[in-house]
Amino acid sequence: MSFTADVKEELTRVQPLCSHCDKALLSALLRIEGTLVLLGQGKARLEISTDLPSVARLIVRLLHGIYDLRTDNTIRRSVLHKTPNYLIVVPAQDALEEALVDLGVIERGGGFTQGIAGHLVEKRCCSAAYLRGVFLGSGFVANPRGDFHFEMTVESEDLASDIADLMVQRGISAKIMKRRSSYIVYLKSGSAISEFLALVGAHQCALAMENERVIKSVRNDVNRRVNAELANSQKATDASVDQVMAIREVVDRYGIDSLPPALQEVIRLRVAHPNATLKELG
């Protein structure tokens with residue numbers, strides 16, 4: 001299983017800290033993975049698709065528990081990737097529109113909400129729950145043993161901006177870039193990724209990330225020291241070669257006996273110890 005899947009599995013087990021956290025979590029999941037299909041005559045159905053069974057179970061539990069909505073669940077298998085996909089369909093029903101308004105997916109009276117509805121993220125725990133839902137919906141984090149990379153994909157620039165603002169409010173500096181028709185909220189710093197994982201409740205994965213960060217830091221420090229020592233050694237060797245060649249030219253032209261005693265001693269030491277630094281010769 002990938003590191004991303006490990007993080008998502010851990011996040012599906014996080015318990016809400018207040019009665020509104022689950023609404024924030026569900027709202028983010030629907031905004032990221034949901035599709036509203038208009039049926040005419042003011043009716044619509046909601047379709048949510050996910051690749052992880054734990055996320056599918058979480059969505060169904062929240063839809064049933066908070067709004068008592070009926071759902072039809074289907075498991076589909078991708079011909080290309082040979083992996084299952086879980087489709088949750090919420091058929092047209094009286095309580096669906098009110099639930100979508102309450103979750104900040106649509107505005108009362110019609111129209112889709114562009115950013116994050118303010119009432120969903122008034123508390124710090126609820127904003128963390130919303131970010132948790134965004135990551136469960138479209139998050140990716142690379143294995144920390146390789147290069148650090150983290151991103152979450154959304155369809156709306158306003159939503160991406162609001163998500164980045166939530167992260168900045170918690171001291172996590174996120175950046176946004178456009179990729180084709182989507183917007184990516186991303187992090188490149190290992191420390192920022194660890195902070196995000198801890199914020200949304202993936203504490204075990206955050207510890208694993210920190211452990212890899214420490215190992216990388218020690219390894220990089222050792223490599224820098226070794227490279228510096230090798231570079232200094234190479235410089236000393238190159239200088240020694242130049243000095244020996246100069247010594248041979250001087251001795252061949254003038255003879256060693258014509259040189260001052262102190263210089264003669266330096267020449268004998270340099271020839272006897274060609275790899276030594278000038279400091280060591282001194």
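Here, the structure is the one placed above.
What you see is a predicted model; the values in this text were computed from it and never measured. (Residues numbered from 1 in each chain as written. Predicted model: local features only at pLDDT ≥ 70, side-chain atom pairs only at ≥ 80, totals over all residues. Heavy atoms only, no water.)

Our next topic: the packing of aromatic side chains. Enumeration over the complete set of coordinates arrives at three aromatic pairs. In textbook terms, an aromatic cluster arises when at least three aromatic residues are bridged by ring pairs, as seen for Phe135, Phe150 and Phe196. A cation over a ring is seen here: Lys8 above Phe135, with NZ or CZ 5.9 Å from the ring centre. (Phe/Tyr/Trp six-rings, centres within 6.5 Å; stacked < 30°, edge-to-face > 60°. Lys NZ or Arg CZ within 6 Å of the ring centre and 35° of its normal.)

Residues Tyr130, Ile163, Met167, Phe196 and Leu197 are the most contacted members of the largest nonpolar core, which totals 72 residues. Sort the elements by how many residues they give to this core and helix α5 (residues 124-138) lands first, with nine residues. Here Phe196 is in contact with Leu131, Phe135, Phe150, Met152, Met167, Ile172 and Leu187, once residues within four sequence places are set aside. (Core = buried A, V, L, I, M, F, W, Y, C linked by side-chain atoms within 4.5 Å. Buried < 20%, exposed > 50% of the residue type's maximum accessible area, 1.4 Å probe, protein only. Helix = DSSP H or I, 4+ residues; strand = E, 2+ residues; numbered from the N terminus. Contact = heavy atoms within 4.5 Å.)

Here we come to the sheet that holds strand β6 (residues 150-154). Read from one edge to the other, the open sheet built from four strands follows the order β5-β6-β8-β7, with strand pairing classed as antiparallel. Strand pairing shows two members of the sheet lacking a second neighbour, β5 (139-141) and β7 (175-179), which therefore form its edges. For this sheet the average axis-to-axis angle between neighbouring strands, irrespective of direction, equals 25°. Pairing of β7 with strand β8 (residues 182-187), which is carried by five bridges, proceeds in the antiparallel orientation. Among the inter-strand pairings, Met177 is bridged to a residue of β8, identified as Ile184. Across the face of the sheet, helix α6 (residues 157-169) comes into contact with β6, β7 and β8 while running at roughly 15° to β8. (Pairing = 2+ DSSP bridges. Axes fitted to C-alpha atoms, helices over the stretch in contact; angles between N-to-C directions.)

Here the focus is the sheet that holds strand β3 (residues 72-77). Strand order across the open sheet formed by four strands is β1-β2-β4-β3, with antiparallel pairing between neighbours. The strands lining the two open edges of the sheet, one partner per strand, are β1 (34-40) and β3. Pairs of neighbouring strands in the sheet enclose a mean axial angle of 25°, with direction left out of account. Across five bridges, the pairing between strand β2 (residues 43-50) and strand β4 (residues 84-90) is antiparallel. Residue pairing across strands places Ile48 opposite Ile88, the latter belonging to β4. Where helix α2 (residues 21-33) meets the sheet, its contacts fall on β1 and β2, and the angle it forms with β2 comes to roughly 90°. Contacting β2, β3 and β4, helix α3 (residues 53-67) crosses the sheet at an angle of about 10° to β4.

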